[in-house]
Amino acid sequence: MAKFVAEAGLAAYLGDDEVIDFRRPVVGSVVERLRESYGDGYARAAFEWVRDAVTHSMDAGDRRVNWRASDVVEAGTGLCYAKSHLLVALLRGNGIPAGLCYQRLADGAGGFVLHGLVGVWVAGEGRWARVDPRGNKPGVWTEYSLGEERVAYVVDEAAGEVDYPAVYVTGHPLVVGALKNSSDCVELCAGGLPGEL
């Protein structure tokens, strides 16, 4: 398991901004619905809702590019980064400190691509745990676990892959910039995504 370093005070991981826009009514309505239905099981329910109810754009063949949490709710789809933005928004909207994490993974063509995950603060233990709301498909399976990681991809350091240790308060500028500057998910994934931080 990677070691995580908080680069800001814990209160920063409860705020909103243009990426993690949980104060927007469309996100707030999901927060309220999950809170009313799941109570103490809210964090797991939010994870499973994003993982299962929001499609991964490439898996679904959806060419739209979303980057704001509210846009992901409205569209019902997003890449791993956008789904992570939404999960962070849902967690923060219920008072759970959360941030964004990244992995550098081999892309199968001799290069690398970043993968987005979520860091969740485990208050009783004073540490971060990573969860991955990417979405399941054959060969990729994620689960909500604050103990043993159950993320989509385990890095291969020998192949140059990296688990970046930071838990970011908001989306990394390279990632958000790539999403903002693209209107076609397929084209973006074919060569427009950053390969490292």
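Right above here is the structure, for reference.
Let me sum up the structure you'll find in this document. Please read these numbers as outputs of a predicted model, since none were measured by experiment.

**Focus: the overall build of the protein**
- When you go through the protein residue by residue, the secondary structure sums to seven helices and eight strands.
- For a compact globule of 197 residues, the expected C-alpha radius of gyration is about 16 Å, and the protein comes in at 15 Å, within 12% of that figure.
- Burial status across the protein gives 49% buried among its 197 residues.
- Across the protein, the fraction of contacts at a sequence separation of at least 24, relative to all contacts at a separation of at least 6, is 62%.
- When the 19 positive and 27 negative side-chain charges of the protein are each reduced to one mean point, those points stand 2 Å apart.

**Notes on the pairing of strand β5 (residues 112-122)**
- Burial analysis of β5 places eight of its 11 residues in the buried class, which makes it a mostly covered element.
- The sheet contact formed by strand β4 (residues 98-106) and β5 spans nine bridges and is antiparallel. Counted as the bridge partner of Tyr-102 is Gly-116 from β5.
- Between β4 and β5, which follow one another and run antiparallel, lie five residues, and Gly-108 among them has a positive phi close to 85°.
- Summarising the sheet, β5 and strand β6 (residues 127-131) pair through five bridges and their orientation is antiparallel. Note on β6: the bridge partner recorded for Val-120 is Ala-129.

**Side note on the side chain of Ser-70**
- By the secondary structure assignment, Ser-70 is in helix α4 (residues 69-75).
- Residue Ser-70 is classed as buried on the basis of its relative accessible area of 0%.
- Of the polar contacts made by the side chain of Ser-70, one reaches the side chain of Asp-21; its length is 2.5 Å.
- Contact partners of Ser-70, with chain neighbours within four places excluded, come to Asp-21, Arg-24, Val-26 and Val-27.

**A short note on helix α2 (residues 42-53)**
- Compared with an ideal rise of 1.5 Å per residue, which puts 12 residues at 16 Å, α2 spans 15 Å between its outermost C-alpha atoms and is within 8% of the ideal.
- Among the residues of α2, Tyr-42, Ala-43, Ala-45, Ala-46, Phe-47, Val-50 and Arg-51 are the ones counted as buried.
- Here the buried face of α2 lies against α1 (25-38), α5 (80-93) and β6.

**Comments concerning helix α6 (residues 173-180)**
- Taken residue by residue, α6 has Val-175, Val-176, Ala-178 and Leu-179 as its buried positions. For α6, the angular spread of buried residues about the axis comes to 160°, placing them on one side.
- Of the surrounding elements, those touching the buried residues of α6 are α5, β4, β5 and α7 (185-192).

Thresholds applied
- Residues numbered from 1 in each chain as written.
- Predicted model: local features only at pLDDT ≥ 70, side-chain atom pairs only at ≥ 80, totals over all residues.
- Heavy atoms only, no water.
- Helix = DSSP H or I, 4+ residues; strand = E, 2+ residues; numbered from the N terminus.
- Rg over C-alpha atoms; globule rule 2.2 N^0.38 Å.
- Buried < 20%, exposed > 50% of the residue type's maximum accessible area, 1.4 Å probe, protein only.
- Contact = heavy atoms within 4.5 Å.
- Lys, Arg positive; Asp, Glu negative; His and termini not counted.
- Charge placed at Lys NZ, Arg CZ, Asp CG, Glu CD.
- Pairing = 2+ DSSP bridges.
- Polar contact = N/O pair within 3.5 Å; in protein donor to acceptor, adjacent residues only side chain to side chain.
- Expected span 1.5 Å × (residues − 1).
- Arc of directions from axis to C-beta.

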